[in-house]
Amino acid sequence: MAKYFNRHFLKTLALSTGVGAVSGYAVYSFLGSNDTEVLVQNGIEQRYYKIFENKETKWDSNWDKRQSKSLVKPVDSNKSDLQDKYDKKIESQKSRAARHIFLIRHGQYNLSGETDGDRKLTELGRKQALFTGERLSVLNFPWTTITQSTLTRAMETCSIIQTQLPANIPLTSSDLLTEGAPIQPDPPNKHWKPELYQFFRDGARIEAAFRKYIHRAPPEQKEDSYELIVCHANVIRYFVMRALQLNPEAWLRLSLDHASITWLCIYPNGRVSLRCYSNSGYMPPEAISR
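Here the structure is a predicted model, which is why all the values come from computation and not from measurement.

Chemist: Can you explain the overall build of the chain? Please cite residues and give values.
Modeler: Of regular secondary structure, the chain possesses eight helices and six strands. Written out in order from the N terminus, the α and β elements of the chain read α-α-α-α-β-α-β-α-β-α-β-α-β-β. For the chain, the proportion of contacts with a sequence separation of at least 24, taken over those separated by at least 6, is 71%. For the chain, the computed accessible surface area is about 16,500 Å², with 52% contributed by carbon and sulfur atoms.

Laid out in structure tokens, this is it:
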């Protein structure tokens, strides 16, 4: 099916881009051939196949190492009594609920602050956090937990959001979620050039945060969860790329609004869906910033 789609695409590409008669015929002939080594003029076929047949594009269903078979020690399949117990253990370790993870970026803050304590939310940042809290309240999900970064701007944002939500939602804080340089971006940004040691230092921490917070539900979780994580742009962008199994070095190509909502859903089978990214449309236009 993949090869048929690829070939059909090549024919469409040749016709729609005005490829000459000779090139068009070469592509058309390729549709009816089993020879995948046919060279299409200008290298169209070769480049296209590199994209669609690259192993890196295939989904790893056990990306979080939490498939039920990964959690149970294998047994001798020739022993039926052990195999029955093994099958039951696998069944008991299956994830049965979805995790809805809402990643909230902090509001606008004082960029000129020299210390974390000085980097407090601006007046606009506080308004943005309030708009986001109101939006989360209107969504009316049964919020399960709130986790916040320990940096001032994230905690202030979280505190304002909490005023709009039920008071009994458990709150935890984590240093793993603080802002940093997750991985060297490709392409690099001429305006943002951390020292190499910062990627070495922060990358492992942010990856550890991903592994701790982004995974399928454990088998003991019986109902879907709705979790809020209030943190930072670089962390959120890296999480999104890793969760979707896209090249994490592309994280800086994404832009993220202040106090915006990014919604990841992780299903019991390990599939991941990005329900929305950098959603700030509920704010008035003058309140949106990045």
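Moving on from the model shown.
Chemist: Tell me about the nonpolar core, and please be specific about residues and values.
Modeler: L103, L177, I214, I229 and F239 are the most contacted members of the largest nonpolar core, which has 22 residues in total. Breaking this core down by element, the ones donating at least two residues are β1 (99-105), α7 (196-213), β4 (225-231), α8 (233-243) and β5 (261-266). Considering each element in turn, this core owes the most residues, seven residues, to α8. Look past the residues within four positions of I229 in its chain and what remains in contact with it is I101, F102, L103, I104, T147, L177 and Y213. Among the nonpolar cores identified, the runner-up in size contains 17 residues, and A98, L136, W143 and L165 belong to it.

Chemist: Summarise the pairing of strand β3 (residues 171-174); cite the residues concerned and give the values.
Modeler: Two strands pair when backbone bridges link them, and strand β2 (residues 145-149) and β3 are joined in this way by four bridges, in the parallel orientation. Note that in β3 the partner of Q148 across the bridge is S173. With helix α6 (residues 152-162) bridging β2 and its parallel neighbour β3, the resulting β-α-β unit is right-handed.

Chemist: So what's going on with the sheet that holds β4? Residues and values would help.
Modeler: Strands sit in the order β3-β2-β4-β1-β5-β6 across an open sheet of six strands; the sheet is mixed. With one partner strand each, in any of the chains shown, β3 and β6 (272-279) form the two edges of the open sheet. Strand-to-strand, the axes of this sheet are offset by a mean angle of 20 degrees, without reference to chain direction. Contacting β1, β2, β3 and β4, α6 runs over the sheet at an angle of about 155 degrees to β2.

Chemist: Lay out the pattern of salt bridges with the relevant residues and their values.
Modeler: Counted according to the given criterion, the structure contains 10 salt bridges. Residue K94 pairs with E91 through a salt bridge whose shortest N-O separation is 3.2 Å. Residue K94 is classed as partly exposed on the basis of its relative accessible area, which comes to 35%. For E91, a relative accessible area of 37% puts it in the partly exposed group. Between D257 and R290 there is a salt bridge; the shortest N-O distance is 3.0 Å. Of the two residues, D257 sits in the loop between α8 and β5 while R290 sits in the segment after β6, which places them 33 residues apart along the sequence. The exposure class of R290 is exposed, given its relative accessible area of 64%. Among the ionic contacts, a cluster of salt bridges with common partners joins E91, K94 and R96.

Chemist: Outline the packing of aromatic side chains, supporting the account with residue identities and numerical values.
Modeler: Evaluation of the coordinates by the stated rule reveals 10 aromatic pairs. Taken together, a centroid distance of 4.7 Å and an interplanar angle of 10 degrees make the contact between F141 and Y226 stacked. Here Y226 lies in strand β4 and F141 lies in the loop between α5 (123-139) and β2, a separation of 85 residues in the sequence. Joined through ring pairs, the aromatic side chains of F102, F141, W143, Y226 and W263 make up one cluster. The lysine or arginine in question, R153, covers the ring of Y109, its NZ or CZ lying 4.2 Å from the ring centre. A cation over a ring is seen here: R275 above W263, with NZ or CZ 5.0 Å from the ring centre.

Chemist: Which residues make up the layout of surface pockets, and what are the values?
Modeler: Considered as a void within the structure, the largest pocket measures approximately 380 Å³ in volume. If you trace the largest pocket, you find 16 residues lining it, with R105, E179, A233, N234 and R237 closest to the centre. Per-element accounting of the lining of the largest pocket gives the leading share, three residues, to α8. Of the residues assigned to the lining of the largest pocket, the class counts are six nonpolar, five polar and five charged.

Chemist: Explain the packing of α7 against α8 residue by residue, including any values.
Modeler: It is at 10 Å that the axes of α7 and α8 come closest, and there the two elements cross at 60 degrees. One way to sum up the angle between α7 and α8 is to call them oblique. Crossing geometry of α7 relative to α8 is assigned as right-handed. Only V235, Y238, F239, R242 and A243 of α8 make contact with α7, whose side of the interface consists of I206, E207, A209, F210 and R211. Here the contact of α7 with α8 is composed, by residue class, of seven nonpolar, no polar and three charged.

Chemist: Break down unusual backbone geometry for me, with residues and values.
Modeler: A cis amide bond links D186 to the next residue, P187, at an omega of 5 degrees. Residue placement: P187 occurs in the loop between β3 and α7. A positive phi is found at N140, a non-glycine position, where the angle reads about 55 degrees. Here N140 is to be found in the loop between α5 and β2. Its relative accessible area of 62% is what places N140 among the exposed residues. You will see that S278, though not glycine, has its phi angle at about 50 degrees, which is positive.

Conventions used here
- Residues numbered from 1 in each chain as written.
- Predicted model: local features only at pLDDT ≥ 70, side-chain atom pairs only at ≥ 80, totals over all residues.
- Heavy atoms only, no water.
- Helix = DSSP H or I, 4+ residues; strand = E, 2+ residues; numbered from the N terminus.
- Contact = heavy atoms within 4.5 Å.
- Areas by Shrake-Rupley, 256 points an atom, 1.4 Å probe, with all protein chains shown as cover.
- Core = buried A, V, L, I, M, F, W, Y, C linked by side-chain atoms within 4.5 Å.
- Buried < 20%, exposed > 50% of the residue type's maximum accessible area, 1.4 Å probe, protein only.
- Pairing = 2+ DSSP bridges.
- Right-handed = clockwise from strand over helix to strand, strands pointing away.
- Axes fitted to C-alpha atoms, helices over the stretch in contact; angles between N-to-C directions.
- Salt bridge = Lys/Arg side-chain N within 4 Å of Asp/Glu carboxyl O.
- Phe/Tyr/Trp six-rings, centres within 6.5 Å; stacked < 30°, edge-to-face > 60°.
- Lys NZ or Arg CZ within 6 Å of the ring centre and 35° of its normal.
- 1 Å grid on protein atoms, 1.4 Å probe; cavity = no way out; pocket = protein on both sides within 12 Å on 5 of 7 lines; lining within 4 Å.
- Points joined across faces, edges and corners; volume = space filled by probe spheres on them.
- Nonpolar A, V, L, I, M, F, W, Y, C, P; charged D, E, K, R; others polar.
- Parallel < 35°, antiparallel > 145°, perpendicular 65-115°, else oblique.
- Left-handed = near helix turned anticlockwise from the far one by under 90°.

That's the geometry; what it means functionally is another story.
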